[in-house]
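In case you want the letters, here they are:
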Amino acid sequence: MSLLVLVVEDDREIRSLLQASLSVEGFEVQTAVSLSEAAALLRHKPPDIVVLDLGLPDGDGVQLVRELRKQHSTPVIVVSARHQEAQKIELLDAGADDYLTKPFSVGELLARMRVALRHRGTSLAAAVTTHALEDLRVDLAAHLVERDGEALHLTPTEFKLLARLVRSAGRVVTHRQLLTDVWGSEFTEHTHYLRLYMAQLRAKIERDPTEPRHLLTETGVGYRLADA
Amino acid sequence: MVQVYDVQEQGAHSVRSWVAVALLLAAATVCNALLDPYVSLTSQAMIYVLVIVIAAYKLDWVQSAVAAVGAVTALNFFFIPPRWTFDVESREHFIALTVMLVVALIISHLAAGLRRESRHAALNEQRARQLQSLASSLANSTALDEVLALGQLALDAVFGGPNSLVLANDADDLIGDTAFPGTMPQAMRDGLRCCIAECAVLGPGTGRWPGLDAWYLPLGDKGRVLGAARVWPAQADDSDGREHAQALCSLLAQTLWRVRLAASMQVAQIEVQRQQLQSTFLAAVSHDLRTPLAAIVGAASALQTQREKLSPSEQDRLLGSIVSEASYLSTVTENTLQLVRLTSLQKELKRDWESLEEINGAVLARVRQRDPGRRIKSQVPAGLPLIKADPVLLAQLIGNLLDNALKYSAGEIDLVISANAQALMISVKDRGPGIAPAEQELIFEPYRRGDQSGARGAGLGLALCRAIAVAHGGSLTVRRRGGGGSCFCATLPLDEPQPEKELA
């Protein structure tokens, strides 16, 4: 059975473009032009994944994501313009899975959707505990981090930070989410912790910390552990 | 004798002065009585003269005259033979008594004049000081309300009040009334309106509406009256008071005028800026947006109508040009919007502790897609200080500089980041044709490019880069490199102390 995608987008051209490209890839596509229509469709038949445009005429979508998260772990990918940083981060913190900045290519969208779908249901299935890409290998259960087969020594905080990213490998994790999960909810304003620890972690993991291959920066939003 | 009755008739004067007169006379008389066996009549007369001089100097002229007459009478009664009578025996004594009386009156008159003048001088000095202190406190005011409040305080300090200050607006309404907010009596309102309309002082002693009990003073000169003041109480003969009120009002008027001019100048400046941006934006639409749009429409319509006739490789070329022109269009749009946001809306920067190494890494990851030959050589030292900055803007700054260098040069590009205690420096050095000294400032103007050869520029790229550096308190400059090429150098100051490294 093909997967059902709900595309929430008010621009007709982009909506039909997405519908066409996603159908070609074998998705069953449903579209909504407003948040209220999307909410109605979600109640009627929950999709497997949602592609949500920011700046819809009837609101900013945070409510929709919160409502959806109460019952489902359906992945949500946010599509935003460059200047909608704050709104985008709010949605990610509210539980959206990833984001794309307009203009984006269909290839990028499909890649993001694949990652999001892979993580779907991680709350039910065994959580991701291992990660391997090129020279890097991480096994959380064994407390093991290797580069080129050589074990790396990480401090407890560095390991917690890396572990948090491994569990969401391929997806963006916002500053707030990282600070909350690694240091605690009272540290959400201490972004300099992230800068300093991420620099330490990169110095150990990356071949060239100035052009990282694994620990990618999503400027102004958060970090992403590369998984492809 | 006769004068004694006068004294009684003038009993309205303050009791204390009269007691003083009586005490002085009694003291002199007692003193003379004690000295009587030892001194001559001349010395006794001198003691009375002393009393008269003291009274004349300290008390007003009625009391000092009474003191003089009293002294002469006492001298006559107690000491001049025949004693215990008011009779004057010799002509000499009569002359002495008369002279003493005249001296007393003259001294009293002189002393009173002196007192009046020194009081007057003190008042003038106080008023001058008030004007001076008002002027200095007004010098820093920038709001009309503030000026009115200071003016009100100044008027209340001199005149009993209630005093009021109002401004006239364009619709001829009175606004900003300080003493009677919303409850000003109609007569007062009319007086102020009339004063503004006539632009003249009204009230007692001015020859206009002398029947009023207050002065109405305009704030401003003919042709630019900003408001009016009402000062109460007002006396027709108090011309000094009126002049002082006028001086205060003209000081207030000058300040009000200055504040109003400053406000309208600011409005004008914002308007000029807005128009400049508008023309910049129009320039963007007319050139940097229209050209790629034409290319996109051309390629897309060719594919639409002639697809069968085009070879697959030609189709690929057209598709590639659509994608690259569209992404160029997106960059120009983004730069234009960001520049408008930065310069016109006084956008608050979203500053946070950021690592330049990290931002630079993210930019390189994107730019490398257009740099397959890895022409960009980056040198980023480890352990750069953190900077409190807007990460999205810094990424745009570095990205635009690198895009430009890739576009205008063919050789290697050096990206060097360095730091000292005060600032972070980002340098992008290329081996392109270089920029003529005359052009070196112009390239930072919106919509100017180094070459006119047809290679397309990043539109507002450099203008935006400079605006971003300036918004962070820094600068962006360009210089020619020895051996050819250009070096763009952005300096970003490290204003805030580094955050504590002590980590949880």
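Look a little higher up for the structure.
A few points on the structure. (Residues numbered from 1 in each chain as written. Chains lettered and ligands numbered in written order. Predicted model: local features only at pLDDT ≥ 70, side-chain atom pairs only at ≥ 80, totals over all residues. Heavy atoms only, no water.)

Right, let's talk about unusual backbone geometry for a bit. Here the amide bond leading from A:Lys102 into A:Pro103 is cis, since omega sits at -5°, within 30 degrees of zero. Within the secondary structure layout, A:Pro103 lies in the loop between β5 (98-101) and α5 (106-119). One non-glycine residue, B:Trp209, adopts positive backbone phi at about 50°. Following the sequence through the fold, B:Trp209 ends up in the loop between α7 (186-198) and β3 (215-219). Its identity as a non-glycine residue notwithstanding, B:Arg374 has a phi of 50°, on the positive side. When you line up the elements, B:Arg374 lands in the loop between α10 (356-367) and β6 (376-379). (Helix = DSSP H or I, 4+ residues; strand = E, 2+ residues; numbered from the N terminus.)

Time to look at the nonpolar core. Residues B:Leu402 and B:Phe488 are the most contacted members of the largest nonpolar core, which totals 45 residues. Examining the composition of this core, we find that nine residues originate from one element, helix α11 (residues 391-408) of chain B, more than from any other. If sequence neighbours within four positions are ignored, B:Leu402 has contacts with B:Val363, B:Leu364, B:Val367, B:Ile376, B:Leu415 and B:Val428. Formed by 27 residues, the second largest nonpolar core is a distinct cluster that contains A:Leu165, A:Ala169, A:Leu178 and A:Phe187. (Core = buried A, V, L, I, M, F, W, Y, C linked by side-chain atoms within 4.5 Å. Buried < 20%, exposed > 50% of the residue type's maximum accessible area, 1.4 Å probe, protein only. Contact = heavy atoms within 4.5 Å.)

Here the focus is the pattern of salt bridges. Tallied over the full model, the rule gives 29 salt bridges over all chains. Notably, a salt bridge pairs A:Arg213 with A:Glu134, separated by 2.9 Å at the nearest N-O pair. Of the two residues, A:Arg213 is situated in the loop between α8 (191-205) and β11 (215-218) and A:Glu134 in the loop between β6 (130-133) and β7 (136-139); the sequence distance between them amounts to 79 residues. By relative accessible area, A:Arg213 is classed as partly exposed at 29%. As a salt-bridge pair, B:Glu354 and A:Arg195 come within 3.0 Å of each other at their nearest N and O atoms. Of this pair, B:Glu354 sits in strand β5 (residues 352-354) while A:Arg195 is found in helix α8, placing the two residues in two different chains. Each of the two residues, B:Glu354 as well as A:Arg195, counts as buried. (Salt bridge = Lys/Arg side-chain N within 4 Å of Asp/Glu carboxyl O.)

What follows deals with the sheet that holds strand β4 (residues 227-231) of chain B. Residue and element names in this part refer to chain B. Across the sheet, which stays open at both edges, the four strands sit in the order β2-β1-β4-β3 with antiparallel pairing between neighbours. Looking at the sheet topology across the chains shown, the edges are occupied by β2 (174-175) and β3. Pairing geometry for β3 and β4, over five bridges, is antiparallel. Bridging from a neighbouring strand, Pro218 pairs with Ala228 of β4. (Pairing = 2+ DSSP bridges.)

So, to be careful, I would describe these as geometric facts and stop short of saying anything about function.
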